[in-house]
Amino acid sequence: MLRYVVSAAILAALPFGAVAHEFAAAEMKIDHPWARPTVTVRQPAAVFFHLDNKGDTDDRLLGATVPEDVAGSAEIHTTLNDEGVLRMRPLANGISIPAGEEVPVAPGGHHIMLFDLAEPLSEGMRFPVTLTFEQAGEVEVEVIVENPADGSEDVDHSAHTQSDG
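Keep in mind that this is a model prediction, so the values were computed, not measured.

Undergrad: Help me understand the overall build of the protein, please; the structure alone is not making it clear to me.
TA: Per the secondary structure count, the protein includes one helix and 11 strands. The N-to-C order of helical and strand elements in the protein reads α-β-β-β-β-β-β-β-β-β-β-β. For the protein, buried positions account for 38% of its 165 residues. By element, 50% of the accessible surface of the protein is carried by carbon and sulfur atoms, the whole surface being about 9400 Å².

Undergrad: Looking at this structure, I do not really get the pattern of salt bridges. What am I missing?
TA: It is possible for side chains bearing opposite charge to pair when their charged atoms get close. Under the definition given, this model contains three salt bridges. Between Lys54 and Asp52 there is a salt bridge; the shortest N-O distance is 3.0 Å. Under the relative-accessibility criterion, Asp52 is labelled buried at 12%.

Undergrad: Would you mind showing me how to read the side chain of Thr78 here?
TA: Relative to the elements of secondary structure, Thr78 occurs in strand β5 (residues 71-82). A relative accessible area of 8% places Thr78 in the buried class. A distance of 3.0 Å separates a polar atom in the side chain of Thr78 from a polar atom in the side chain of His110. Leave out the neighbours within four places in its chain, and Thr78 touches Arg87, Met88, Arg89, Leu91, Gly109, His110 and His111.

Undergrad: Teacher, can you tell me more about the pairing of strand β9 (residues 111-117) here?
TA: Two faces make up the sheet, and in a regular strand the side chains alternate between them. In terms of residue burial, β9 counts as a mostly covered element, since six of its seven residues are buried. Inspection of the sheet shows strand β3 (residues 45-53) paired to β9 by three bridges, in the antiparallel sense. Across the sheet, residue Ala45 finds its bridge partner in β9, namely Leu114. Sheet topology note: the β5/β9 ladder contains six bridges and is antiparallel. Bridging across to β9, His77 finds its partner in His111.

Conventions used here
Residues numbered from 1 in each chain as written. Predicted model: local features only at pLDDT ≥ 70, side-chain atom pairs only at ≥ 80, totals over all residues. Heavy atoms only, no water. Helix = DSSP H or I, 4+ residues; strand = E, 2+ residues; numbered from the N terminus. Buried < 20%, exposed > 50% of the residue type's maximum accessible area, 1.4 Å probe, protein only. Areas by Shrake-Rupley, 256 points an atom, 1.4 Å probe, with all protein chains shown as cover. Salt bridge = Lys/Arg side-chain N within 4 Å of Asp/Glu carboxyl O. Polar contact = N/O pair within 3.5 Å; in protein donor to acceptor, adjacent residues only side chain to side chain. Contact = heavy atoms within 4.5 Å. Pairing = 2+ DSSP bridges.

Here it is as structure tokens:
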């Protein structure tokens, strides 16, 4: 019995970033959904995670939704390098995830944009995002707001525009 109490105490003392943060829908694994803190509600936010298609069938991330108390809308976007200028664009057809492959949804690449934030995102905040996959269906993930631990380059999302769709 004492062993279990000690284990629980050790787990409770771990920094929250050390706790597993993985979700699944059918054969699709979604690892560590996160977003950077924002300064104002006028600044769009970007959500990142890692997709791992453990199945034998290709899948596609079709969309994302967030509760109104988090943001007005969510869109799948990508970052394109246009002759040295980074441009963010909506992905109308979503993100393809081939069978047996992993796809990063990461800074400088694919990401979920959140527009019209209800409040600025502050470090440590958590909120739900529902991801919709063509094959795996819907899965709700919990996004943690944190500064990137890997020191990845900060991409300025202030020039992001919403799609007209």
